[in-house]
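Listed below, chain by chain, are the residues.
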Amino acid sequence: MKKWISLVAGMALGTVALLARADALQVRSMAASCAACHGTNGVSQPGIEPLAGQSQDDLRKKLLDFKMGKTPATLMHQLAKGYSDAQLEQLASYFAAQKR
């Protein structure tokens, strides 16, 4: 019985780890679409706002403001509307963790 419980617990932990890895890969894939303007991993060229290393809270607010139309933009308001609030939170977290 103990072996069975250990096996089930191990499988559950493995599944959680696999899902976390898949989620991290999905967030990285979403972030790759930002590279065209904001550079690889959010490290942009002069003239474009860098995303890397900004505060997660600031990035989340900016993204949500674009999504809700509170901040005027050429393109960002349309792009932000394509993501759920949870995805925008994930993107903010991803870019906040990147080095400038």
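In this text the structure is predicted, and so the values were computed from the model without any measurement.

Would you mind going over the side chain of Gln54 with me for this structure?
Relative to the helices and strands, Gln54 is located in the loop between α2 (35–38) and α3 (56–67). Under the relative-accessibility criterion, Gln54 is labelled buried at 11%. In this structure the side chain of Gln54 is engaged in a polar contact, spanning 2.5 Å, whose partner is the backbone oxygen of Pro50.

Just checking my understanding: could you explain unusual backbone geometry for this structure?
One can expect most non-glycine residues to show negative phi and most peptide bonds to be in trans. At Asn41, a position not held by glycine, the phi torsion is positive, near 55 degrees. You can see Asn41 is positioned in the loop between α2 and α3.

Just to check I follow, could you spell out the packing of aromatic side chains for this structure?
Given two aromatic rings, one states the distance between the centres and the angle between the planes to describe the pair. Evaluation of the coordinates by the stated rule reveals one aromatic pair. Their ring planes at 80 degrees and their centres at 5.2 Å tell us that Tyr94 and Phe95 sit as a pair that is edge-to-face. Here Tyr94 falls in the buried class, since its relative accessible area comes to 15%.

Each value, and the rule that gives it
Residues numbered from 1 in each chain as written. Predicted model: local features only at pLDDT ≥ 70, side-chain atom pairs only at ≥ 80, totals over all residues. Heavy atoms only, no water. Helix = DSSP H or I, 4+ residues; strand = E, 2+ residues; numbered from the N terminus. Buried < 20%, exposed > 50% of the residue type's maximum accessible area, 1.4 Å probe, protein only. Polar contact = N/O pair within 3.5 Å; in protein donor to acceptor, adjacent residues only side chain to side chain. Phe/Tyr/Trp six-rings, centres within 6.5 Å; stacked < 30°, edge-to-face > 60°.

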